[in-house]
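Topology and contacts: notes
Take a look at the letters that make up each chain.
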Amino acid sequence: MTLLLTLDDGSIQRKLAEAVDQARAAVLEDAGAEQVGAHVGVDSEDAVSASHLFEAIVTGYRGWRWSVTVALAGEDEPVTVSEVVLIPGPDARVAPAWVPWDRRVQAGDLGVGDIFPVEKDDPRLAPAYLESDDPAVEAVAKETGLGRVHVLSRHGRLDAAARWHGGEFGPRSDMARSAPDVCGSCGFFVSLAGSLSAAFGACTNDISPADGHVVDVEYGCGAHSEIEVEVTSSVPVAELVYDDSLMDFEPVPEQETPAEPEPAEATVVDESEAPVAEVPETAEVQPEVEPEAVDPAVEQATAEPETVVEAQAEAESASEH
């Protein structure tokens, strides 16, 4: 076989790739013709074997393929069939990778009545009689008749601290990043005992979403005990303010609408009886004319009769004398 691999010039792989009909005949022998589709490719397994792939038309196995592995023992030897199997294709739905049962359980999976035993050598636990670097653990270990067989080890404390720090109530959560202050300065924060007290505690504020949970000292929420909010209006308000809630309102009495006066009847006036207004005459201005010489005879003729009589009487009186 070593000599065959050394002297191969590609003819063996070419001969294996050309064995499509032989591979189809092998899969048809195991599955019916209605379950075998078109040839979709060939994969090289090693220097003397290759696998031909055919579409699998099998109910419940969408995206799967028939794989027929063929091999060649030598250049002058015939191609033989090694196995026929059904394998998933790139688009096939397959089950997730197998995980041991004790590693499948996640936080929140444990229900009422469920039992989840720990491993015999769980690194998170240590015998209670061993001293550790945690003063709280040492104090518990020295108590008599407590009945605790195991206590939290250093590995267990670090594992819990990393989980809590990066969890929902850690400093990187959305709530903590938008909080006005941190839990370490909140009056509702109760520190844990031992070495974990430097970084963790319990929340006792029933308004907070972390009530009853272990929180990081750098976690925070809007229910911090020292937050004071100045309640002022964002809109400028004038100094004179009327409180509508204390004002008395009285309805305005309805006023009677005055009746419109009836139009007066037109009075017919007789024009013959109506007084005629006197229209003042307009004085005509005569142009000034120089007096002309008047003949005495004409003047005497035009004089008034009384003047003529008086003139004649004076003339007769003068003649008698």
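The structure presented is a predicted model; accordingly, all values stated were derived computationally and were not measured.

1. Structural notes on the overall build of the protein
Along the protein, the regular secondary structure elements total nine helices and nine strands. Split into buried and exposed, the 321 residues of the protein put 20% on the buried side. Sequence-distant contacts in the protein: of pairs separated by 6 or more residues, those separated by 24 or more amount to 48%. Summing over all exposed atoms, the protein offers an accessible surface of approximately 25600 Å²; the carbon and sulfur share of this is 54%.

2. Considering the pattern of salt bridges
Throughout the structure, instances matching the rule amount to two salt bridges. Close ionic contact of Arg163 with Asp159 constitutes a salt bridge, the shortest N to O distance being 3.0 Å. Here the residue Arg163 and the residue Asp159 both occupy positions in helix α6 (residues 154-165), the gap between them amounting to four residues, near one helical turn. Close ionic contact of Asp174 with Arg177 constitutes a salt bridge, the shortest N to O distance being 2.5 Å. Here Asp174 and its partner Arg177 are both found in helix α7 (residues 174-177), three residues apart, which amounts to about one turn of the helix.

3. Points about the confidence of the model for the protein
Of the residues in the protein, 63% have a pLDDT of 70 or more, and the chain-wide mean is 76. Confidence, expressed as mean pLDDT per element, reaches its minimum in the protein at helix α1 (residues 2-7) with 49 and its maximum at strand β9 (residues 214-216) with 94.

4. Concerning the sheet that holds strand β7 (residues 189-191)
Strand pairing in a sheet takes place through backbone hydrogen bonds and is either antiparallel or parallel in direction. Strand order across the open sheet formed by three strands is β7-β8-β9, with antiparallel pairing between neighbours. Only two strands of the sheet have a single partner each, and these edge strands are β7 and β9. On average, each strand axis in the sheet is tilted by 50° relative to the strand beside it, whichever way the strands run.

Criteria and thresholds
Residues numbered from 1 in each chain as written. Predicted model: local features only at pLDDT ≥ 70, side-chain atom pairs only at ≥ 80, totals over all residues. Heavy atoms only, no water. Helix = DSSP H or I, 4+ residues; strand = E, 2+ residues; numbered from the N terminus. Buried < 20%, exposed > 50% of the residue type's maximum accessible area, 1.4 Å probe, protein only. Contact = heavy atoms within 4.5 Å. Areas by Shrake-Rupley, 256 points an atom, 1.4 Å probe, with all protein chains shown as cover. Salt bridge = Lys/Arg side-chain N within 4 Å of Asp/Glu carboxyl O. pLDDT = per-residue confidence, 0-100. Pairing = 2+ DSSP bridges. Axes fitted to C-alpha atoms, helices over the stretch in contact; angles between N-to-C directions.

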